[in-house]
Amino acid sequence: MRHGNLFVISGPSGAGKGTLVARLVREVPDAWVSMSVTTRAPREGEVDGVHYRFASSEEFQQLVACDGLLEWATYGGNCYGTPRATVEEHIARGDQVILEIDVQGGFQVREKFPAAHLVFIEPPSLDVLEARLRGRGTESDEAIATRMETARVELSRKMEYDIRLVNDDLDEAVRALVGYVNEQAEKIRG
Ligand SMILES: Nc1ncnc2c1ncn2[C@@H]1O[C@H](COP(=O)(O)OP(=O)(O)OP(=O)(O)O)[C@@H](O)[C@H]1O
Ligand SMILES: Nc1nc2c(ncn2[C@@H]2O[C@H](COP(=O)(O)O)[C@@H](O)[C@H]2O)c(=O)[nH]1
């Protein structure tokens, strides 16, 4: 059986994980990005089955109860989780499986898959992070304040990750992330 790699892409909300992962999948043909389940309400423009699988709290709890999630966490008062079955299928198929998840989830994945590669995406500074969150325009002032508090906690764990990438110049950060993923993929192929 072929075996792929599992990559966890974590870091504070607004650091640019989604932006980087969207660029990564254009450059790494066997990259596959897991779709998370969340109880968060969709933002304007977000589509169920495209950006997230949006679920009720009851549906989410059923997934937890039947061990359907590889990891899950509560973030900003909502639950987020990674469906287990599709991730396992894509690893077995030999894909480079990408999870874009928070830091709590990242460490749960490491417990279950010690071979997972943990990548921490860092903003150039807290001021830049806040400006990006404000610029994105998806969160209320109160939610931004909560996300900034969480960011401080998440940043305090960055040294526990396998690699840290500062997302300042976007093209440079994409190059570093694509380079890391390709390097790990080569190791398993070789
Ligand atoms: N290198 C960069 N330079 C300037 N702006 C950036 C850069 N990377 C991302 N951004 C912008 O910052 C904002 C946050 O990026 P993004 O949504 O990708 O963050 P995220 O880490 O995925 O957040 P979340 O965890 O909330 O999903 C977006 O408006 C994005 O366009
Ligand atoms: N532990 C998990 N965290 C996840 C998952 N999917 C997304 N996330 C993280 O949640 C926060 C907030 O996301 P947002 O879409 O509301 O901005 C962010 O850090 C995401 O990376 C998941 O399946 N598990």
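These numbers come from a predicted model, not from an experiment.

About the criteria used
- Residues numbered from 1 in each chain as written.
- Chains lettered and ligands numbered in written order.
- Predicted model: local features only at pLDDT ≥ 70, side-chain atom pairs only at ≥ 80, totals over all residues.
- Heavy atoms only, no water.
- Near = heavy atom within 4 Å.
- Polar contact = N/O pair within 3.5 Å; in protein donor to acceptor, adjacent residues only side chain to side chain.
- Areas by Shrake-Rupley, 256 points an atom, 1.4 Å probe, with all protein chains shown as cover.
- Helix = DSSP H or I, 4+ residues; strand = E, 2+ residues; numbered from the N terminus.
- Nonpolar A, V, L, I, M, F, W, Y, C, P; charged D, E, K, R; others polar.
- Axes fitted to C-alpha atoms, helices over the stretch in contact; angles between N-to-C directions.
- Parallel < 35°, antiparallel > 145°, perpendicular 65-115°, else oblique.
- Left-handed = near helix turned anticlockwise from the far one by under 90°.
- Contact = heavy atoms within 4.5 Å.
- Buried < 20%, exposed > 50% of the residue type's maximum accessible area, 1.4 Å probe, protein only.
- Salt bridge = Lys/Arg side-chain N within 4 Å of Asp/Glu carboxyl O.
- Pairing = 2+ DSSP bridges.

Student: Help me get a handle on the site of ligand 2, residues and values and all.
Tutor: Lining the immediate environment of ligand 2, one finds 17 residues, of which Ser36, Arg40, Tyr52, Tyr80 and Arg147 sit closest. At 2.7 Å from an oxygen atom of ligand 2 is found a side-chain nitrogen or oxygen belonging to Arg40. A distance of 2.7 Å separates an oxygen atom of ligand 2 from a polar side-chain atom of Arg43. Computed on the free molecule, ligand 2 has an accessible area of 510 Å², of which 95% lies beneath the protein chains in the complex. Elements with a contribution of two residues or more to the shell around ligand 2: strand S5 (69-75) and strand S6 (78-83). When grouped by side-chain class, the residues that make up the shell around ligand 2 number 5 nonpolar, 4 polar and 8 charged.

Student: Describe the packing of helix H1 (residues 17-27) against helix H7 (residues 170-189), naming the residues involved and giving the relevant values.
Tutor: Closest axis-to-axis distance for the H1/H7 pair is 10 Å, and the angle between their directions is 55°. Put simply, H1 runs oblique to H7. Between H1 and H7 the crossing geometry is right-handed. Between H1 and H7, the residues in contact are Thr19, Leu20, Arg23, Leu24 and Glu27 and Leu170, Asp171, Ala173, Val174, Leu177, Val178 and Val181, respectively.

Student: Now, about the side chain of Glu46: what can you tell me, with residues and values included?
Tutor: Positionally, Glu46 belongs in the loop between strand S3 (37-38) and strand S4 (53-54). Residue class for Glu46 comes out buried when judged on its relative accessible area of 18%. Excluding residues within four positions of it along the chain, Glu46 makes contact with Arg40, Ala41, His51, Tyr52 and Phe54.

Student: Outline the pattern of salt bridges, listing residues and values.
Tutor: Taken as a whole and judged by the stated rule, the model has 13 salt bridges. One salt bridge connects Glu139 with Arg43, and the closest N-O pair in it is separated by 3.1 Å. With Glu139 in the loop between helix H5 (126-136) and helix H6 (141-155) and Arg43 in the loop between S3 and S4, this residue pair connects regions lying 96 residues apart in the sequence. Arg134 serves as the salt-bridge partner of Glu130, at 2.9 Å between the closest nitrogen and oxygen. You can see Glu130 and its partner Arg134 sitting in helix H5, 4 residues apart, about one turn around the helix.

Student: Just give me the short version of the sheet that holds S6, but keep the residues and values in it.
Tutor: The 4 strands are arranged S4-S3-S6-S5 in an open sheet whose pairing can be described as mixed. At either margin of the open sheet sits one strand with a lone partner, and together these are S4 and S5. Along the sheet face, helix H3 (residues 84-93) touches S5 and S6 and points at about 35° away from the line of S6.

Nothing here speaks to function; it is geometry throughout.
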